[in-house]
Protein chains: 2
Amino acid sequence: MAAGTTPGVRRRKPSKGDLTSQAILDTAEKLLAERDLTAITIDDLASGAGIKRSAFYFHFESREAVLYLLAERVLSQLYDAATLWTERTEGSPDDAVRRSIAGNVAVWRANGPVLRAAVRARDTDENMRQFWADVARRFITAVADRIDADRAAGLAVPGPPSAKSLATVLVSMNDEVFYHHSRTRRSPAADREVVDTLTTVWLRSIYAR
Amino acid sequence: MAAGTTPGVRRRKPSKGDLTSQAILDTAEKLLAERDLTAITIDDLASGAGIKRSAFYFHFESREAVLYLLAERVLSQLYDAATLWTERTEGSPDDAVRRSIAGNVAVWRANGPVLRAAVRARDTDENMRQFWADVARRFITAVADRIDADRAAGLAVPGPPSAKSLATVLVSMNDEVFYHHSRTRRSPAADREVVDTLTTVWLRSIYAR
DNA sequence: TTGATTCCGGACACAGTGTCGACCAGAATC
DNA sequence: GATTCTGGTCGACACTGTGTCCGGAATCAA
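Remember, it's a predicted structure, so these values are computed and weren't measured experimentally. (Residues numbered from 1 in each chain as written. Chains lettered and ligands numbered in written order. Predicted model: local features only at pLDDT ≥ 70, side-chain atom pairs only at ≥ 80, totals over all residues.)

**A look at the overall build of chain A**
For step 1, the next point in the chain: Summing up its helical and strand segments, chain A has 8 helices and 0 strands in all.
For step 2, the next point in the chain: Reading chain A from its N end, one meets helices and strands in the order α-α-α-α-α-α-α-α.
For step 3, the next point in the chain: Dimensions along the principal axes, computed over C-alpha positions, put chain A at roughly 60 × 40 × 35 Å.
For step 4, the next point in the chain: Pairs at least 24 apart in sequence give 65% of the contacts found in chain A among residues at least 6 apart. (Helix = DSSP H or I, 4+ residues; strand = E, 2+ residues; numbered from the N terminus. Contact = placed C-beta atoms within 7 Å.)

**Description of the relation of the copies chain A and chain B**
For step 1, the next point in the chain: For these two chains of identical sequence, chain A goes onto chain B by a turn of 180° and a shift of 0.0 Å along the axis, with RMSD 0.0 Å. Such a combination of turn and shift is consistent with a two-fold rotation axis. Relative to the rotation axis, the C-alpha of A:Met173 is the closest in chain A, positioned 2.0 Å from it.
For step 2, the next point in the chain: Residue by residue, 100% of the interface of chain A is reproduced at the interface of chain B, so both copies engage with the same surface. (Least-squares fit on C-alpha atoms with pLDDT ≥ 70 in both.)

**Let's talk about the interface of chain A and chain B**
For step 1, the next point in the chain: Counting residues at the interface gives 25 residues for chain A and 25 residues for chain B.
For step 2, the next point in the chain: Contributions of two or more residues to the side of chain A that touches chain B are made by helix H7 (163-181) and helix H8 (188-207) of chain A.
For step 3, the next point in the chain: When residues in the side of chain A that touches chain B are grouped by element, the largest group, 9 residues, is from H7(A).
For step 4, the next point in the chain: Grouping the constituent residues of the side of chain A that touches chain B by class yields 9 nonpolar, 8 polar and 8 charged. (Nonpolar A, V, L, I, M, F, W, Y, C, P; charged D, E, K, R; others polar.)

**Some points on helix H6 (residues 126-152) of chain B**
All names here are of chain B.
For step 1, the next point in the chain: Compared with the 39 Å implied by 1.5 Å per residue over 27 residues, the 39 Å span of H6 between its first and last C-alpha is a close match.
For step 2, the next point in the chain: On its buried face, H6 sits against helix H4 (63-86), helix H5 (93-121), helix H7 (163-181) and helix H8 (188-207).
For step 3, the next point in the chain: Within two residues after H6, Gly 154 carries a phi angle of roughly 80°, on the positive side. (Expected span 1.5 Å × (residues − 1).)

**Section: the nonpolar core**
For step 1, the next point in the chain: In this structure, A:Leu67, A:Ala167, B:Leu67 and B:Ala167 are the most contacted members of the largest nonpolar core, which totals 94 residues.
For step 2, the next point in the chain: For A:Leu67, the contacting residues outside a window of four places in its chain are A:Ala28, A:Leu37, A:Ala117, A:Ala118 and A:Ala121. (Core = buried A, V, L, I, M, F, W, Y, C linked by C-beta atoms within 7 Å. Buried ≥ 20, exposed ≤ 12 C-beta atoms within 10 Å, placed from the backbone.)

**A short note on the confidence of the model for chain A**
For step 1, the next point in the chain: For chain A, the mean per-residue pLDDT works out to 90, and 92% of the residues sit at or above 70.
For step 2, the next point in the chain: Residue range residues 1-10 of chain A is modelled with pLDDT below 50. Its contacts to residues more than four positions away, or to other chains, number 1 contact. (pLDDT = per-residue confidence, 0-100.)

**Notes on helix H4 (residues 63-86) of chain A**
Residue and element names in this part refer to chain A.
For step 1, the next point in the chain: The first and last C-alpha atoms of H4 sit 34 Å apart over 24 residues, in line with the 34 Å expected at 1.5 Å per residue.
For step 2, the next point in the chain: Maximum bend of H4: about 25°, positioned at Glu 72.
For step 3, the next point in the chain: All buried positions along H4 are accounted for by Arg 63, Val 66, Leu 67, Leu 70, Ala 71, Ala 82, Trp 85 and Thr 86. (Bend = angle between axes of the 7 residues up to and from the residue.)

**Comments concerning the packing of helix H6 (residues 126-152) of chain A against H7(A)**
Residue and element names in this part refer to chain A.
For step 1, the next point in the chain: Running from amino to carboxyl end, H6 crosses H7 at an angle of 130°, the nearest separation of the two axes being 8 Å. With respect to their mutual orientation, H6 and H7 come out oblique. Crossing hand, H6 versus H7: right-handed. Taking contact as the criterion, the partners of Ala 136, Phe 139, Ile 140, Val 143, Ala 144, Ile 147, Asp 148 and Arg 151 in H6 are, on H7, Ala 163, Lys 164, Leu 166, Ala 167, Thr 168, Leu 170 and Val 171.
For step 2, the next point in the chain: Among the residues forming the contact of H6 with H7, the class breakdown is 11 nonpolar, 1 polar and 3 charged. (Axes fitted to C-alpha atoms, helices over the stretch in contact; angles between N-to-C directions. Parallel < 35°, antiparallel > 145°, perpendicular 65-115°, else oblique. Left-handed = near helix turned anticlockwise from the far one by under 90°.)

**As for the packing of H5(B) against H8(B)**
Residue and element names in this part refer to chain B.
For step 1, the next point in the chain: Packing of H5 against H8 brings their axes to within 9 Å, and their N-to-C directions diverge by 135°. What the angle tells us is that H5 and H8 run oblique. As for how H5 packs across H8, the hand of that crossing is right-handed. When H5 is examined against H8, the residues Pro 93, Asp 94, Val 97, Arg 98, Ile 101, Ala 102 and Val 105 are found in contact with a partner set consisting of Asp 191, Val 194, Val 195, Leu 198, Thr 199, Trp 202, Leu 203 and Tyr 207.
For step 2, the next point in the chain: Tallied by class, residues from the contact of H5 with H8 come to 11 nonpolar, 1 polar and 3 charged.

**Side note on the environment of B:Lys30**
For step 1, the next point in the chain: With respect to the helices, strands and loops of the structure, B:Lys30 is situated in helix H1 (residues 16-32).
For step 2, the next point in the chain: Put simply, B:Lys30 and B:Ser172 are 142 residues apart on the chain and 28 Å apart in space, counted from C-alpha to C-alpha.

**Re the environment of A:Leu37**
Residues and elements named next belong to chain A.
For step 1, the next point in the chain: By the element assignment, Leu 37 lies in the loop between helix H1 (16-32) and helix H2 (42-48).
For step 2, the next point in the chain: A residue is classified by how many C-beta atoms lie within 10 Å of it, and Leu 37, with 22 of them, is buried.
For step 3, the next point in the chain: Separated by 83 residues in sequence, Leu 37 and Arg 120 place their C-alpha atoms 8.7 Å apart.
For step 4, the next point in the chain: Discounting residues that sit within four places of it in the chain, Leu 37 has contacts with Leu 32, Arg 63, Leu 67, Ala 117, Arg 120 and Ala 121.

**Remarks on the environment of A:Lys52**
For step 1, the next point in the chain: On the secondary structure map, A:Lys52 appears in the loop between H2 and helix H3 (53-59).
For step 2, the next point in the chain: A:Lys52 sits 10 residues away from A:Ile42 along the chain, and the two C-alpha atoms are 9.5 Å apart.

What follows is the structure, encoded as structure tokens:
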């Protein structure tokens, strides 16, 4: 997206510092496509942005901070995709679930390296841990609410298992499958099969379809 | 298990080196219970075993090599648990699936730190990657075979999705759930709920139960 | 133009890794 | 009992990467 195109918003032209910060972000995204975050040194990031290593610390306090910014942007897209189902107001669940899952697969395809790095950083970085815990919580409660609503409406089979518990394992399944699938060679056929399979499991588990 | 108790097997008494190797293994297992593998230095392992850092390299070539040995032992237990279902010969699937899942939860409970570290090391260590790819492949084909057999017998609902694809997502779900669940505070009630929920999803997905 | 920020680089101290050769104790051999 | 041999250990070294501190250059606002 080009800068300054949003109508009615006057923004100062990016300062030199903004430019290098962005250059660092770009370098990080590029390098993440080829290797793990832990295998990327501060110097890789700095020299990729045309500055010395010590100057990096003026812009970010760690590699993880860079990743954090990168990940935040992608995450809103994930929410949007999920919302297709959790906030559905009409129509059968089937298509909504499928579209929501397909949307997630698309986002993972487009941003695999960043998302995978962010997931892995969970294990070493406390902020990232919190970040994902939050994400998971939001997803799970949204799904659980949806299940409860559909159970109340007689659409979904009643518990046990509790909506929360069911939501937890289904969301976990998706996360893991998306993660691994995003590492495989691009293939529309494979994408379709993954979406089909996950959709089937969701529908059978929630609606006994 | 105490050494030298197996009847009829004469084994040389452990040499000094065997003892230190074992001490390193023990130290690693102990430390993994409190922090990540990457946060454990070679010196931590060495001094925990009562030797200097440089002597560590006589026994192992890396931290990962230590973990590798630790993980291999635990893995056979995982296989045993899974076998309860995949090689079932009689009776209804329900109990077999449940027992198999419960067995896995138990193994993860008992060896969480080692298993989690081994999973995480997948991202940085090529051997570990291969190791888990192998494990996953074996699990998935075993499950897929079972599904195919039950479909042929008219017990399971026919595809699509293909048995392999279905097996992949279900095994992924279990892995992810086991991983996270093993980090939570021990609780028989929570264990039961996880087992129940996973069992439900498996049975509904495969048998439309 | 000047003064204040903003941004950058050189230098330092430090932590961890991996390797090398010297060495030492105890078992095996003469 | 003296010897060799081998398994195991250690100290020292070179190297990579991190984080900080401070002086100074570039940039921007007035």
